[in-house]
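These are the residues of each chain, in order.
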Amino acid sequence: MAKILMPTASTIFAALLGGIIPAIFWLWFWQKEDSAKPEPRGMILFLFLAGMASVVLVIPMQKFAFANITDSTALLLSWAAIEELMKFFVFFLIAAGSRFADEPVDYAIYMITVALGFAAFENTIFLIDPIANQGAVAALLTGNLRFIGASVLHTASSAFVGLFMGLAFFGGAFSKAMHLISGLLTAIALHALFNFFIISNGDKNIFVVFGFLWVAVIIVMLLFEKVKQLR
């Protein structure tokens, strides 16, 4: 029987660096989109850490779905829905009613912050095994590139939720509800499509999948400019 080795402290540290550093870069990039009125650093840090912690809640939910859903399409949709709804729940619990969420673009910034925290810890978990078996450099150079795509995916999907909410910032209750539902459905669909192409095609079309994600990011950036103009 093969011996199961616990990851060493150095392995965990390297995985944390590999998971968190790309997320920090993306967080800095999107913070620049709201440079005219930056959000409080304490709120950003809290949301980022809460996003990381929420992965711990998502894992057993997805295991339960895996054990009880036999249809592969339904399973992929459920996994995507669990993650997107969890990220929204963290945002809703901490930031939605905050006095700091006082302009339309804030919803997107806060949703992206939660998403990047989520991606950082998810990527850390993904990197532990390759680093333990191949070494940090080899894992990052030759390992599966999905952990890079995860940061872009979580950013884009959660941004859609925040941006749709921002579009209805000055609207009534019905408009806000419809925009929120539309944003969540868009996020779940984007996430499920990513999962489907990754699982069905493996690494064969990985760059095509990344191209698809970058198109989504471009749409997000265009929506950002629209939401920033709302007064």
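Residues numbered from 1 in each chain as written. Predicted model: local features only at pLDDT ≥ 70, side-chain atom pairs only at ≥ 80, totals over all residues. Heavy atoms only, no water.

Colleague: Where do I start with helix H3 (residues 72–96) in this structure?
Modeller: One full turn of an α-helix is made of 3.6 residues, so residues set three or four places apart face in the same direction. In this model, H3 (25 residues) spans 34 Å end to end at C-alpha, consistent with the 36 Å of a helix rising 1.5 Å per residue. Its side-chain oxygen at 3.2 Å from the backbone nitrogen of Thr73, Asp71 defines the N-terminal cap of H3. (Helix = DSSP H or I, 4+ residues; strand = E, 2+ residues; numbered from the N terminus. Expected span 1.5 Å × (residues − 1). Polar contact = N/O pair within 3.5 Å; in protein donor to acceptor, adjacent residues only side chain to side chain.)

Colleague: How should I be thinking about the side chain of Glu39 in this particular structure?
Modeller: If you trace the backbone, Glu39 turns up in the loop between helix H1 (9–31) and helix H2 (41–68). Judged by relative accessible area, which is 8%, Glu39 ranks as buried. A polar contact is formed between the side chain of Glu39 and the side chain of Tyr110, at a distance of 2.6 Å. (Buried < 20%, exposed > 50% of the residue type's maximum accessible area, 1.4 Å probe, protein only.)

Colleague: Would you mind going over the pattern of salt bridges with me for this structure?
Modeller: Two side chains of opposite charge can pair, provided their charged atoms sit close to one another. Taken as a whole and assessed by the stated rule, the structure comprises two salt bridges. Lys87 is paired through a salt bridge with Glu84; the nearest N and O atoms lie 3.1 Å apart. Of the two residues, Lys87 and Glu84 both sit in helix H3, three residues apart, roughly one turn of that helix. You can call Lys87 buried: its relative accessible area is 0%. The class of Glu84 is buried, set by a relative accessible area of 1%. With a shortest N-O distance of 3.4 Å, Glu225 and Lys228 are connected by a salt bridge. With Glu225 and Lys228 both in helix H8 (residues 206–228) and three residues apart, this pair spans about one turn of that helix. (Salt bridge = Lys/Arg side-chain N within 4 Å of Asp/Glu carboxyl O.)

Colleague: Looking at this model, I keep getting lost on a nonpolar patch on the surface. Mind explaining?
Modeller: A cluster of nonpolar side chains, namely Phe174, Met178, Ile181 and Leu185, defines an oily patch on the protein surface of about 430 Å² accessible area. Classification of Met178 by relative accessible area gives partly exposed; the value is 36%. (Patch = residues over 30% accessible without salt bridge, like charges linked within 9 Å, V, L, I, M, F, W, Y side chains within 5 Å. Areas by Shrake-Rupley, 256 points an atom, 1.4 Å probe, with all protein chains shown as cover.)

Colleague: Got a minute to help me understand the environment of Met43 in this structure?
Modeller: Here Met43 is to be found in helix H2. The class of Met43 is buried, set by a relative accessible area of 11%. Along the sequence, Met43 and Tyr110 sit 67 residues apart, while their C-alpha atoms lie 8.6 Å from each other. Look past the residues within four positions of Met43 in its chain and what remains in contact with it is Ile94, Ala95, Ser98, Phe100 and Tyr110. (Contact = heavy atoms within 4.5 Å.)

Colleague: Would you mind showing me how to read the nonpolar core here?
Modeller: Here is a general trend for soluble globular proteins: nonpolar side chains tend to be buried in one another's company. Grouped together as the largest cluster of nonpolar side chains are 50 residues, with contacts concentrated most on Phe91, Tyr110, Leu163, Val220 and Phe224. Contributing elements (two or more residues each) for this core: H1, H2, H3, helix H4 (104–134), helix H6 (146–167), helix H7 (173–201) and H8. Looking at which element gives the most residues to this core, the answer is H4, with ten residues. Contacts of Val220, omitting those with residues within four sequence positions, involve Trp30, Ala156, Ala159, Phe160 and Leu163. Core analysis: the next-biggest nonpolar cluster, separate from the first, contains seven residues, Val58, Leu75, Ile82 and Met86 among them. (Core = buried A, V, L, I, M, F, W, Y, C linked by side-chain atoms within 4.5 Å.)

Colleague: Explain the environment of Ser78 to me, please; I cannot follow it from the model alone.
Modeller: Within the element layout of this structure, Ser78 appears in helix H3. Leaving out residues up to four positions away in the same chain, Ser78 has contacts with Ala65 and Ile69.

Colleague: Would you explain the packing of aromatic side chains in this entry?
Modeller: Remark: the centre distance and the inter-plane angle together describe each pair of aromatic rings, the angle taken between the planes. Here the structure, examined in full by the defined rule, presents 13 aromatic pairs. Here the aromatic rings of Phe25 and Trp28 are separated by 6.1 Å at their centres, their planes lie at 35°, and the arrangement is tilted. Separated by three residues within a single helix, Phe25 and Trp28 lie in helix H1, roughly one turn from each other. Their ring planes at 55° and their centres at 5.7 Å tell us that Tyr107 and Phe169 sit as a pair that is tilted. In this pair, Tyr107 sits in helix H4 while Phe169 sits in the loop between H6 and H7, placing the two residues 62 residues apart along the sequence. On the basis of relative accessibility, which here comes to 17%, the residue Phe169 falls in the buried class. Among the aromatic side chains, those forming a connected cluster through ring pairs are Phe25, Trp26, Trp28, Phe29, Trp30, Trp214 and Phe224. (Phe/Tyr/Trp six-rings, centres within 6.5 Å; stacked < 30°, edge-to-face > 60°.)

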